[in-house]
Amino acid sequence: MSDSEAQPVRISSEPVQLQALEPMLEKVREAVGDVPALLAIATEIGHTAPKPGEGNTAKLWELLASVTAVDVAAGRVLEPHLDAVAILTQAGLDEPQHGAWGVFAAEGPGLKLEAKRDDAGHYVLNGSKPWCSLAAQLDGAVITAHSEDNSRAAFAVNLKHPGVTCETPQWTSRGLQEIPSGTVHFDQVPATPVGGEGWYFSRAGFAWGGMGVAACWLGGAVAVARDYATALARGAENGREPDQIALASLGEVDRIITSVTGYLAQAAEQIDAGELDERGEDPTDTNGPSAWSEALRIRGTVAAAVERVQTVVAQNLGPAPLAFNEAYGKRMADLSLYIRQHHAMRDDAQLGALTLKGERQW
């Protein structure tokens, strides 16, 4: 629907700097719907992409937002691979040299993945892990499991090991149809510890990764906004000038995206300056915002912005593009499902508790 399907999303770079993304974004556009091709692109990008906290966090987020603006599912493929690479680097381990990786940290009722040492002192995984997106097509993953003291730790795992069995779920949603998330079963699967006991959740990088997902959401919202602007422009070319409501809606969308983009740019700058390098759930720490409280703010703000942009655009464009425009309908469905990774009021409750303890600037 948009004339600029491979146009980058700017967070803080100069427009000329973003031009370097355009050939890669064109490759993504050509691979939409082809998961193996998207995984290959993600693997290639992973060798050179910036990592959070190393001075180019905004450029990393521009990359994630730009790919998601081309296709939400493509962003959903790229983000976990880059997150896995960053996690391994933060833990002082080697980056994956071949294949695409995921990050599986979800829990589910009645399911438990346990990590115990075998007779030789090496960790092995047994049990089941839910919500493992594309597990059957990935080469490896960073996975959280319950260790012997029942705390949760992270492990690097080869998903091609014969002890790994991936369920193929019945995915009934229109959204993210290429990326079903099923349960994976592990039977005596060797695992390499990543960062030690409790490290995965206590590191600031956990929060930075959550902000990176929000950058993907922003990219989806930018694409929806571009769809709307393109529709208004084409209508005007055909003699249907936008009325005051249509223009006011476009103005609101512009305000939302501009403010959220500025917020992400500020957070990226703070991360790179070392101002958000503590996870910060210690209730006795009242030295202002931590990486985690800021991640909750950013994720909540971006999720609300995405939902508002989708609502405003859908109300103005009506049912026709949802019914007849494949790219627009896919984008809206993919994005609606993707932002449900945000836990809405439950995340706000976490943020409220931290705010009450003193993690605020007001």
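Residues numbered from 1 in each chain as written. Predicted model: local features only at pLDDT ≥ 70, side-chain atom pairs only at ≥ 80, totals over all residues. Heavy atoms only, no water.

When the pLDDT values of the chain are averaged, the result is 93; 96% of them are 70 or greater. Predicted confidence for residues 282-286 stays below pLDDT 50, and this span has five contacts to residues more than four positions away or in other chains. (pLDDT = per-residue confidence, 0-100. Contact = heavy atoms within 4.5 Å.)

Turning our eyes to something else, we now look at the nonpolar core. Here is a general trend for soluble globular proteins: nonpolar side chains tend to be buried in one another's company. The biggest cluster of nonpolar side chains holds 116 residues, and the ones touching the most others in it are Trp-61, Leu-63, Leu-125, Phe-155, Phe-186, Met-211 and Trp-217. No other element matches helix H7 (residues 204-237), which puts 18 residues into this core. With sequence-adjacent residues up to four places away left out, Met-211 is seen in contact with Trp-61, Leu-264, Ala-267, Ile-271, Leu-276, Ala-291, Glu-294, Ala-295 and Ile-298. (Core = buried A, V, L, I, M, F, W, Y, C linked by side-chain atoms within 4.5 Å. Buried < 20%, exposed > 50% of the residue type's maximum accessible area, 1.4 Å probe, protein only. Helix = DSSP H or I, 4+ residues; strand = E, 2+ residues; numbered from the N terminus.)

Here Trp-131, not a glycine, exhibits a phi torsion of approximately 55°, which is positive. Examined against the element boundaries, Trp-131 turns out to sit in strand S3 (residues 123-133). A positive phi angle is found at Leu-134, which is not glycine, with a value near 60°. Checked against the element boundaries, Leu-134 lands in the loop between S3 and strand S4 (140-146).

Turning our eyes to something else, we now look at the side chain of Lys-51. Tracing the backbone through its elements, the reader meets Lys-51 in the loop between helix H3 (35-46) and helix H4 (57-70). Polar side-chain contacts of Lys-51 include one of 2.9 Å to the side chain of Glu-95. Discounting chain neighbours no more than four positions away, the residues touching Lys-51 are Thr-57, Leu-60, Val-85, Ala-86, Thr-89 and Glu-95. (Polar contact = N/O pair within 3.5 Å; in protein donor to acceptor, adjacent residues only side chain to side chain.)

Before going further, it helps to examine the packing of aromatic side chains. Across all of its chains, the model carries six aromatic pairs by this definition. Taking 5.3 Å as the distance between ring centres and 65° as the angle between the ring planes, the aromatic pair formed by Phe-201 and Phe-206 counts as edge-to-face. With 6.4 Å between their ring centres and 90° between their planes, Trp-217 and Tyr-338 make a pair best called edge-to-face. Residue Trp-217 is located in helix H7, and its partner Tyr-338 is located in helix H11 (residues 326-338); the two are separated by 121 residues in the primary sequence. Comparing Trp-217 with Tyr-338, the two get one shared label, buried. One aromatic cluster in this structure is built from Tyr-200, Phe-201, Phe-206 and Trp-292. (Phe/Tyr/Trp six-rings, centres within 6.5 Å; stacked < 30°, edge-to-face > 60°.)

A few words now on the environment of Ala-91. One can find Ala-91 in the loop between helix H5 (72-90) and strand S1 (101-104). Apart from the residues within four sequence positions on either side, Ala-91 is in contact with Val-194, Gly-195 and Trp-199.

Bridge count between S3 and strand S7 (residues 181-194): eight bridges; the pairing is antiparallel. Paired with Leu-125 across the bridge in S7 is Val-189. In terms of strand pairing, strand S5 (residues 152-158) meets S7 through four bridges, oriented antiparallel. Pairing of Ala-154 across the sheet is with Val-194, part of S7. The sheet contact formed by strand S6 (residues 164-166) and S7 spans three bridges and is antiparallel. (Pairing = 2+ DSSP bridges.)

Relative to the 16 Å expected for twelve residues at 1.5 Å per residue, H3 spans 16 Å between its end C-alpha atoms, a close match to the ideal helical length. Those residues of H3 that sit buried are Val-35, Leu-38, Leu-39, Ile-41, Ala-42, Thr-43, Ile-45 and Gly-46. Against the buried residues of H3 lie helix H2 (22-30), H4 and H5. (Expected span 1.5 Å × (residues − 1).)

For the coordinates displayed, the defined rule picks out 14 salt bridges. A salt bridge links Glu-44 to Lys-27; its shortest N-O distance comes to 2.9 Å. Highlighted residues: Glu-44 in helix H3 and Lys-27 in helix H2, separated in sequence by 17 residues. Looking at Lys-27, the relative accessible area reads 37%, which means it is partly exposed. Salt-bridge contacts for Asp-71 lead to Lys-330; the nearest nitrogen and oxygen are separated by 2.8 Å. Of this pair, Asp-71 sits in the loop between H4 and H5 while Lys-330 sits in helix H11; the two residues are 259 residues apart in sequence, bridging distant segments of the chain. Its relative accessible area of 5% is what places Asp-71 among the buried residues. (Salt bridge = Lys/Arg side-chain N within 4 Å of Asp/Glu carboxyl O.)

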